[in-house]
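Notes for the structure review
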Amino acid sequence: MIITDTGIYPGTLKSGDVLIQENGSIHACNGCMDCWWKTPGVCSRKDTLMKISSLLEQTDELVIVSCCLYGSFSCFVQKVLERMMPYFMPEYETQEGCMVHKCRADRNIGVSVYFYGNQLEESERMNAQSVVRRLSLRLGGRIRRIMFVADAMQIGGLS
C-alpha cells in the first residue's frame with residue numbers, strides 16, 4: 001500500500017499495489033466509532049477507504065510519501081492514517097512502552113516513510129522518526145526505512 005500526498009512514490013507500481021493519493025473523494029474520519037461497534041472492521045464513510053481494514057489485512061508493506069510538517073505527516077496523509085481505525089480493535093495493549101490498539105489481523109507490516117521538506121530542523125526530524133515508530137507499533141510492524149529529502153522529486157525512482 002502506498003500513501004502519497006504528491007502523487008510521487010519510490011520505485012514502480014507492481015501488480016496488486018494499492019495507491020492512495022489525494023483525488024478529492026477521500027473523506028476525513030468523523031469519529032463515529034461505527035467501525036468498532038456497528039460494523040466492525042468497516043468504515044461507515046462511503047468512499048474508496050471504506051474497506052481499508054481489509055486492504056491492510058493483505059498488506060505486507062506500507063509506503064508513505066509525505067511533506068514533513070512540524071515533525072509529522074501532511075494533512076492528507078494524517079487523514080488517511082486516521083481512516084485506518086477499522087483495522088484496530090477497541091482494546092489496548094502495551095508494546096515497547098506505548099499503549100496501542102490491538103490489530104484485527106496478525107500482520108507484520110513493514111513501514112517505509114519518505115519525508116520531504118526544505119530546511120527541516122533536527123527536532124522536526126526526531127519527532128517525525130518518533131511518529132513513524134509509533135505508527136509501526138500500531139500496525140504490529142517494523143520500520144524498514146525513514147528517509148528525509150529536501151524536495152519530493154528526489155523520491156521518484158528510489159526503491
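A brief structural summary. (Residues numbered from 1 in each chain as written. Predicted model: local features only at pLDDT ≥ 70, side-chain atom pairs only at ≥ 80, totals over all residues. Heavy atoms only, no water.)

1. Observations regarding the pairing of strand β7 (residues 142-149)
When strand β6 (residues 110-116) meets β7, the two strands line up parallel, connected through seven bridges. The residue of β7 that forms the bridge with Phe 115 is Phe 148. In this view, the connection linking β6 to its parallel neighbour β7 by way of helix α4 (residues 122-138) has right-handed handedness. (Pairing = 2+ DSSP bridges. Helix = DSSP H or I, 4+ residues; strand = E, 2+ residues; numbered from the N terminus. Right-handed = clockwise from strand over helix to strand, strands pointing away.)

2. A word on the pairing of strand β3 (residues 61-67)
With six of seven residues buried, β3 is to be regarded as a mostly interior element. Pairing of strand β1 (residues 2-4) with β3 involves three bridges; the strand directions are parallel. Bridge pairing in β3 places Ile 3 opposite Ile 64. As paired elements, β3 and β6 share seven bridges and run parallel to each other. When the bridges of β6 are listed, Val 63 appears paired with Ser 112. (Buried < 20%, exposed > 50% of the residue type's maximum accessible area, 1.4 Å probe, protein only.)

3. Some remarks on unusual backbone geometry
Look at Met 33: it is not a glycine, yet its phi comes out positive at around 65 degrees. Structurally, the position occupied by Met 33 is in the loop between β2 (19-21) and α1 (34-37). The phi angle at Tyr 70 is positive, at roughly 55 degrees, despite the residue not being glycine. As for its placement among the helices and strands, Tyr 70 is situated in the loop between β3 and α3 (75-82).

4. Structural notes on the layout of surface pockets
Each pocket or cavity is described by its volume, and for the largest pocket that value is around 420 Å³. Considering the residues around the largest pocket, the lining is formed by 20 residues, among which Ile 2, Lys 14, Asp 17, Glu 61 and Val 63 are closest to the centre. Elements supplying a minimum of two residues to the lining of the largest pocket: β3 and β6. Of the residues contributing to the lining of the largest pocket, the split by class is eight nonpolar, seven polar and five charged. Of the voids in this model, the second largest pocket is the one considered here, and its volume is about 160 Å³. Ser 72, Phe 73, Gln 78, Leu 81, Cys 98, Met 99, Val 100, Val 131, Arg 134, Leu 135 and Arg 138 together form the lining of the second largest pocket. (1 Å grid on protein atoms, 1.4 Å probe; cavity = no way out; pocket = protein on both sides within 12 Å on 5 of 7 lines; lining within 4 Å. Points joined across faces, edges and corners; volume = space filled by probe spheres on them. Nonpolar A, V, L, I, M, F, W, Y, C, P; charged D, E, K, R; others polar.)

5. Details of the sheet that holds β2
Read from one edge to the other, the open sheet built from five strands follows the order β2-β1-β3-β6-β7, with strand pairing classed as parallel. Looking at the sheet topology across the chains shown, the edges are occupied by β2 and β7. Going across the sheet, the axis of each strand differs from the next one's by a mean of 10 degrees, ignoring polarity. Helix-sheet contacts for α3 involve β1, β2 and β3, and the interaxial angle to β1 is about 145 degrees. Across the face of the sheet, α4 comes into contact with β3, β6 and β7 while running at roughly 155 degrees to β7. (Axes fitted to C-alpha atoms, helices over the stretch in contact; angles between N-to-C directions. Contact = heavy atoms within 4.5 Å.)

6. With respect to the environment of Ile 2
Of note, Ile 2 is situated in strand β1. For the pair Ile 2 and Asn 30, spaced 28 residues apart in sequence, the C-alpha to C-alpha distance is 23 Å. Ignoring anything within four residues of it in the chain, the contact list for Ile 2 reads Tyr 9, Leu 13, Asp 17, Val 18, Leu 19, Ile 20 and Val 63.

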